[in-house]
Amino acid sequence: MDDRGDAPITLDDYEAAALARLPTMVADYYAGGAGEERTLRENRAAFARWTFRPRVLVDVSNVELATTVLGAKVPFPILVAPTAFHRLADTEGEVATAKGVLATGTTMVVSTIASVRLEDVAETGADRWFQLYVFRDRELTSTLVKRAYGAGYRAIVLTVDTPLLGTRYRDERNRFQLPDGVGLANLAVSDLPPEDEAGRPGSSLSHFFAGEHDASLSWADLPWLRSLAPLPLVLKGIVTAEDARLAVAAGVDGIVVSNHGGRQLDGAPATLDALPEVVEAVAGRAEVYLDGGVRRGSDVLTALALGAKAVFVGRPVLWGLAVDGAAGVTAVLEMLRDELRLAMQLTGTPSVASITRSLVGPAVRSD
Ligand SMILES: Cc1cc2nc3c(=O)[nH]c(=O)nc-3n(C[C@H](O)[C@H](O)[C@H](O)COP(=O)(O)O)c2cc1C
């Protein structure tokens, strides 16, 4: 090793280091997307379709990154997206992630299919929302929401892009299965079905969803969901103006423009491409957030200029967790925060409130 050392200086460095150390089945599960992974790639590529229109001679000696989400203050507009099975990356799993998040003061969304009980994550004291999958067993679903409310989760994030699991070829080929000792801790499920109903092997997670998840869930179920706990409701997985209007009409508090990190419908639009139409349709009646492909502070700034209140990051948090546990999670979030601060300084936007639509314009295409 030379004297430059090998400390990660970008989120991509964390990704490379994590992929090098994780077993193939886990690396593929974390990194992969659905189908040909077109949407996965487009999520990132979409950021390059915009350039900044920087303003100069603005006092940027002090930059205010703090903002609010659902009425609560966060130190910077970057939150942690719900991702499953953190114990595949770290023995402490979601508890380690939450400790890493706590050190930054931001908010973490905990998945229904976390590998640690939601109550144990709550004990860390990290600010938290609960991501919900609705099961055919409505009683089980209701219990999950009530447990989350009881454990101090501040919002329910209903994932709406997953009536069934998208086909992820990597997981099919690897016959994705959880190792012994890692399970769906909130549901007390330790083994996923290795075969589907017809006896075919493949992704055990896909079989689990086909068997347990409620594909009949519709807009008509939202009042029932809201009745379970007096918490704000955020819908995660909307990419059209039509659905954004329905969500507002249903009285939701927030919308995450998301395609599940390219893991559900391959061919869904890049989230940054979908963001403007959702923001326009919502017209300030709910908060709009974005996730998918955010890897640089400048990506955060672009999303905020196009109307996002905040962004969520999924995979980068898993890379930090795999490389250095809780400290790695903190480092990844702080890296993104520091990059955002610099991008704001270089564009003449000293506060989140000063980030407006005129900060970005379409990149000039060469073709
Ligand atoms: C390994 C992995 C597991 C995920 N598990 C869930 C989940 O349990 N629930 C959910 O709503 N979204 C889940 N997602 C989607 C993320 O919440 C988020 O939409 C996506 O990761 C954002 O894209 P990014 O990874 O490019 O930041 C998962 C994503 C990954 C990569």
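Before reading on, note that the structure itself is shown above.
To keep things clear, this report deals only with the structure shown in the data block. Note that the coordinates shown come from a computational prediction; the quantities given were computed from them, not determined experimentally.

**Description of the overall build of the chain**
The helix and strand inventory of the chain stands at 13 helices and 12 strands. Scaling as 2.2 N^0.38, a compact globule of 367 residues should have a C-alpha radius of gyration of about 21 Å, and the chain matches this with 20 Å. Its C-alpha atoms give the chain principal-axis dimensions of about 65 × 55 × 45 Å. The burial tally for the chain puts 55% of its 367 residues in the buried class. For the chain, long-range pairs separated by at least 24 residues make up 72% of all intrachain contacts whose partners lie at least 6 apart in sequence. Between the averaged position of the 36 positive side-chain charges in the chain and that of its 47 negative side-chain charges there is a distance of 4 Å.

**Let's talk about the site of the ligand**
In the region of the ligand, 24 residues are neighbours, and P82, S111, T159, D291 and R295 sit closest. Interatomic distance of 2.9 Å between a backbone N/O atom of G314 and an oxygen atom of the ligand. Relative to its unbound accessible surface of 600 Å², the ligand loses 99% to contact with the protein. Secondary structure elements with two or more residues in the shell around the ligand: α2 (24-31) and α13 (315-347). Its residues assigned to classes, the shell around the ligand comprises 9 nonpolar, 10 polar and 5 charged.

**Description of unusual backbone geometry**
Leave glycine aside and you will find that most residues have negative phi; peptide bonds, for their part, are mostly trans. The backbone of E37 shows a phi angle near 65 degrees, a positive value even though the residue is not glycine. The residue E37 is located in the loop between α2 and α3 (38-45) in this model. We note that H260 has phi near 65 degrees; this positive angle belongs to a residue other than glycine. Within the element layout of this structure, H260 appears in the loop between β9 (254-257) and α11 (271-282). In this structure H260 comes out as buried when scored by relative accessible area, which is 13%.

**Re the packing of helix α4 (residues 94-102) against α13**
Where α4 contacts α13, the axes come no closer than 6 Å and their chain directions differ by 20 degrees. Compared by their axis directions, α4 and α13 come out roughly parallel. Crossing of α4 over α13 shows left-handed handedness. Every residue of α13 that contacts α4 at A96, T97, K99, G100 and V101 is listed here: V317, L321, A326, V329, T330 and L333. Residues that form the contact of α4 with α13 fall into these classes: 7 nonpolar, 3 polar and 1 charged.

**Here we look at the side chain of H213**
You can see H213 is positioned in the loop between α8 (204-212) and α9 (222-228). Ignoring any residue separated from it by four or fewer positions in sequence, one finds H213 in contact with Y133, V134, F135, R136, T162, P163 and F208.

**Focus: the pairing of strand β6 (residues 127-132)**
Side-chain direction in a regular strand flips from residue to residue, so the side chains alternate between the two faces of the sheet. Across the 6 residues of β6, 5 count as buried, placing the element largely inside the fold. Where strand β5 (residues 107-110) meets β6, 4 bridges bridge the pair, whose relative direction is parallel. Bridging across to β6, M108 finds its partner in R128. Taken together, the 3 bridges between β6 and strand β7 (residues 156-159) define a ladder with parallel strand orientation.

**Some remarks on α11**
Counting along an α-helix, one turn takes 3.6 residues, and residues three or four places apart therefore face a common direction. Spanning 12 residues, α11 covers 16 Å between terminal C-alpha atoms, matching the ideal 16 Å at 1.5 Å per step. Among the residues of α11, T271, L272, A274, L275, V278, A281 and V282 are the ones counted as buried. Around the axis of α11, the buried residues are gathered within 155 degrees of arc, so they sit on the same side. After α11 finishes, the residue A283 shows a positive phi value of roughly 50 degrees.

Conventions we followed
- The written sequence of each chain sets the order in which its residues are numbered from 1.
- Given that the model is predicted, a residue must reach a pLDDT of at least 70 before its local features are reported, and side-chain atom pairs must reach 80 or more before they are shown or counted; all residues, however, enter totals for whole chains, interfaces and linings.
- Based on all heavy atoms of the structure, the side-chain values leave hydrogens and waters out of the count.
- In DSSP terms, a helix is any run of H or I states spanning at least four residues, a strand is any run of E spanning at least two, and both are numbered starting from the N terminus.
- Atoms counted for the radius of gyration: C-alpha only. Globule rule: 2.2 Å times the number of residues to the power 0.38.
- Exposure classes here rest on a 1.4 Å probe applied to the protein chains alone. A residue is buried below 20% of its type maximum, exposed above 50%, and partly exposed in between.
- Contacts are assigned to residue pairs with any non-hydrogen atoms lying within 4.5 Å of each other.
- We treat Lys and Arg as the positive residues and Asp and Glu as the negative residues; His and chain ends play no part in the count.
- A charge is said to be at NZ when it belongs to Lys, at CZ for Arg, at CG for Asp and at CD for Glu.
- Each residue is tested against the molecule or strand, and it is near if at least one of its non-hydrogen atoms lies within 4 Å.
- Any pair of nitrogen or oxygen atoms within 3.5 Å is treated as a polar contact; in protein, a donor-acceptor pairing is required on top of that, and neighbouring residues in sequence qualify only through side-chain atoms on both sides.
- Computed by Shrake-Rupley with a 1.4 Å probe, the accessible areas treat only the displayed protein chains as cover when residues are assessed.
- Each residue gets one label: Ala, Val, Leu, Ile, Met, Phe, Trp, Tyr, Cys and Pro are nonpolar, Asp, Glu, Lys and Arg are charged, and the others, such as Gly, are polar.
- Every axis corresponds to a line fitted to the C-alpha atoms, with the helix fit spanning only the stretch in contact, and the corresponding angles, defined between N-to-C directions, vary from 0 to 180 degrees.
- Angles are sorted into four bins: roughly parallel if under 35 degrees, roughly antiparallel if over 145, roughly perpendicular if 65 to 115, and oblique for all others.
- If you view the pair so one helix is near and one far, a crossing is left-handed when the near helix is turned anticlockwise from the far one by less than a right angle, and right-handed when it is turned clockwise.
- Any two strands with at least two DSSP bridges between them are considered paired.
- Take the residue count of a helix, subtract one, and multiply by 1.5 Å to get its expected span.
- This arc describes the spread of directions from the helix axis toward the C-beta atoms.

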